[in-house]
Amino acid sequence: MTAVPPPVPGRELSNPPSDGISNLRFSNHSDHLLVSSWDKSVRLYDASANVLRGEFMHGGPVLDCCFHDDSSGFSAGADNTVRRLVFNQSKEDILGRHDAPVRCVEYSYAAGQLITGSWDKTLKCWDPRGASGQERTLVGTYPQPERVYSLSLVGNRLVVATAGRHVNVYDLRNMSQPEQRRESSLKYQTRCVRCYPNGTGYALSSVEGRVAMEFFDLSETSQAKKYAFKCHRKSEAGRDIVYPVNAIAFHPVYGTFATGGCDGFVNVWDGNNKKRLYQYSKYPTSIAALSFSRDGRLLAVASSYTYEEGEKPHEPDAIFVRGVNEIEVKPKPKVLP
């Protein structure tokens, strides 16, 4: 009998980074994809055409990246710098610096500001329209209880997840202090936080193979809706093997979401109906990052070993872009009894 080849997990992009992929993001305006890597590079791809459009190099591993518009973006990393990248001019400049590696960058269209989170236990807001130079672009510095691990924005709301399971919720119009100071309802280290597209709350993942669904409204009614669930784990020889959940990405049309774990699987969830809609065939190694395209037709998947088991032989880092079928991401209507 001829062996059946495993299902193709999507089209693999050519010219991938040569080391671990730290993040990837689709543009809000096109199928351009920005990818940051431990190989010190930030790469811009046209995901539909499978073409590398541009590349910038940092002085150290790049830990995050985001778009400003379709021809420019921002990146930050272990060299403590925050950079502005202009792709169509192959031009970059240093927007500013932190005192330790910069883990997260997010651009707020609502505030017209770039927000960066660092392992120096601060959050900084920058005005990228200002002339280059820290004193003219830095809007404010905001101390955090611990190292910043993940950021997410929805409208004027910013959620900051740090070491020590702290979660701070800010209104970008008044950053003097958090609107809410919370603690993760998960017991172990936070890996990723992502706001719901409808602005009512956020999903938080951790190293223990769990995701928590949280709500901003502090009323008893809203808080009664929050819950956590197990995922990215398997039973083997009578014991549970638990994998970190590295990535969460919300579908821009349906509000369902995908999670990616160190088990190499991507799952799609309907958070309102509390059920899994779909599981994609296994990827070659850990899922480091996920991003849906602006219209939800494509899902970019970073298959990149995240060293959760230390140094060991592993599959090369790769970026897959797969088409998304409505059946995989559209919530099922509730069936009344």
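Since the model is a prediction, treat every value here as computed from it, not as a measurement.

Asks: I would appreciate a short explanation of the overall build of the protein chain in the present structure.
Replies: The secondary structure content of the protein chain amounts to 3 helices and 30 strands. Against the 2.2 N^0.38 benchmark of 20 Å for 337 residues, the protein chain shows a C-alpha radius of gyration of 19 Å, consistent with a compact globule. Here the C-alpha coordinates of the protein chain stretch approximately 65 × 50 × 35 Å along the principal axes. Taken across its 337 residues, the protein chain has 56% of its residues classed as buried. Considering only contacts within the protein chain whose residues lie at least 6 apart along the sequence, 43% involve residues at least 24 apart. About 15200 Å² of surface is accessible on the protein chain, with carbon and sulfur atoms providing 48% of the total.

Asks: What's the story with the environment of Asp 99 in this structure? I'm lost.
Replies: Tracing the sequence through the fold places Asp 99 in the loop between strand 9 (91-97) and strand 10 (102-108). A relative accessible area of 70% means that Asp 99 is categorised as exposed. Once the C-alpha coordinates of Asp 99 and Gly 264 are considered, the two residues, 165 residues apart in sequence, prove to be 34 Å apart. Non-local contacts of Asp 99, meaning those with residues more than four positions away in its chain, are made with Asn 80 and Asp 120.

Asks: Looking at this structure, I do not really get the UniProt feature "repeat: WD" (unreviewed entry) in the protein chain. What am I missing?
Replies: Sites flagged by UniProt as "repeat: WD" (unreviewed entry) map to residues 95-127 and 245-279. The straight-line gap between the two end C-alpha atoms of residues 95-127 is 9 Å; of that span, 0% is helix and 64% is strand. Spanning residues 245-279, this segment combines 0% helix with 60% strand, and its end C-alpha atoms are found 14 Å apart.

Asks: Explain the pattern of salt bridges to me, please; I cannot follow it from the model alone.
Replies: Side-chain pairing between opposite charges can occur once the charged atoms of the two side chains come close. As enumerated under the stated definition, the model contains 22 salt bridges in all. In this structure, Glu 92 engages Arg 83 in a salt bridge whose closest nitrogen and oxygen atoms are separated by 3.2 Å. Here Arg 83 falls in the buried class, since its relative accessible area comes to 12%. Residue Glu 146 pairs with Arg 147 through a salt bridge whose shortest N-O separation is 3.1 Å. Beyond isolated ion pairs, a larger network of salt bridges with shared partners links Asp 31, Arg 294, Asp 295 and Arg 297.

Asks: Just checking my understanding: could you explain the sheet that holds strand 4 (residues 41-46) for this structure?
Replies: Backbone-to-backbone hydrogen bonds join strands into a sheet, with any given pair of strands oriented parallel or antiparallel. Across the sheet, which stays open at both edges, the 4 strands sit in the order 2-3-4-5 with antiparallel pairing between neighbours. Of all the strands in the sheet, just strand 2 (21-26) and strand 5 (51-57) have a single pairing partner and so form its edges. Across the sheet, the mean angle from the axis of one strand to that of its neighbour is 20°, orientation sign disregarded. Strand direction decides the pairing type here: strand 4 and strand 5, joined by 6 bridges, are antiparallel. Looking across to strand 5, one finds that Tyr 45 is bridged to Leu 52.

Asks: What exactly am I supposed to notice about the nonpolar core here?
Replies: Looking at soluble globular proteins, one finds that nonpolar side chains tend to be buried together. By size, the foremost hydrophobic cluster in this structure holds 17 residues, and its most contacted members are Val 266, Tyr 280, Tyr 283, Leu 290, Phe 292, Leu 299 and Val 301. For this core, the secondary structure elements donating two or more residues are strand 24 (245-250), strand 26 (266-270), strand 28 (287-292), strand 29 (298-303) and strand 30 (318-323). With 3 residues, the single largest contributor to this core is strand 28. If sequence neighbours within four positions are ignored, Val 301 has contacts with Leu 24, Val 266, Tyr 283, Ile 287, Ala 289, Leu 290, Ala 318, Ile 319 and Phe 320. Counting residues in hydrophobic clusters, the runner-up holds 15 residues, among them Leu 13, Val 35, Ala 300 and Val 321.

Asks: I would appreciate a short explanation of the pairing of strand 21 (residues 227-230) in the present structure.
Replies: For a regular strand, the rule is simple: side chains alternate between the two faces of the sheet. Side chains Tyr 227 and Phe 229 project from strand 21 onto a buried face, and the interleaved Ala 228 and Lys 230 project onto a face without burial. Pairing analysis gives 4 bridges linking strand 20 (residues 210-215) to strand 21, with the strands arranged antiparallel. By the bridge assignment, Arg 210 is partnered in strand 21 with Lys 230.

Asks: Honestly, the packing of aromatic side chains in this entry has me stumped. Any pointers?
Replies: Aromatic rings in a pair are described by how distant their centres are and how their planes are angled relative to each other. A full pass over the atoms with the stated rule returns 13 aromatic pairs. Counting every residue linked through ring pairs, the aromatic cluster contains Tyr 196, Phe 215, Tyr 227, Phe 229, Phe 250, Phe 257 and Trp 269. Stacked on the ring of Phe 216, the Lys or Arg Arg 157 has its end atom at 4.3 Å from the ring centre. Sitting over the face of the ring of Phe 215, Lys 225 holds its NZ or CZ atom 5.9 Å from the ring centroid.

Asks: Just checking my understanding: could you explain the environment of Lys 121 for this structure?
Replies: One can find Lys 121 in the loop between strand 11 (113-118) and strand 12 (122-126). Separated by 103 residues in sequence, Lys 121 and Ser 18 have C-alpha atoms that sit 30 Å apart. Ignoring any residue separated from it by four or fewer positions in sequence, one finds Lys 121 in contact with Tyr 142, Pro 143, Gln 144, Pro 145, Glu 146 and Arg 147.

Asks: Which parts of the structure should I look at to understand the sheet that holds strand 18 (residues 190-195)?
Replies: On the basis of which strands lie adjacent, the open sheet formed by 4 strands has the order 18-19-20-21 and antiparallel pairing. Since the sheet does not close on itself, it has two edges, and those belong to strand 18 and strand 21, each with one partner. Sheet twist, expressed as the average angle between the axes of neighbouring strands with direction ignored, equals 20°.

Calculation rules
- Residues numbered from 1 in each chain as written.
- Predicted model: local features only at pLDDT ≥ 70, side-chain atom pairs only at ≥ 80, totals over all residues.
- Heavy atoms only, no water.
- Helix = DSSP H or I, 4+ residues; strand = E, 2+ residues; numbered from the N terminus.
- Rg over C-alpha atoms; globule rule 2.2 N^0.38 Å.
- Buried < 20%, exposed > 50% of the residue type's maximum accessible area, 1.4 Å probe, protein only.
- Contact = heavy atoms within 4.5 Å.
- Areas by Shrake-Rupley, 256 points an atom, 1.4 Å probe, with all protein chains shown as cover.
- UniProt positions renumbered as here; feature names shortened; annotations may be inferred.
- Salt bridge = Lys/Arg side-chain N within 4 Å of Asp/Glu carboxyl O.
- Pairing = 2+ DSSP bridges.
- Axes fitted to C-alpha atoms, helices over the stretch in contact; angles between N-to-C directions.
- Core = buried A, V, L, I, M, F, W, Y, C linked by side-chain atoms within 4.5 Å.
- Phe/Tyr/Trp six-rings, centres within 6.5 Å; stacked < 30°, edge-to-face > 60°.
- Lys NZ or Arg CZ within 6 Å of the ring centre and 35° of its normal.

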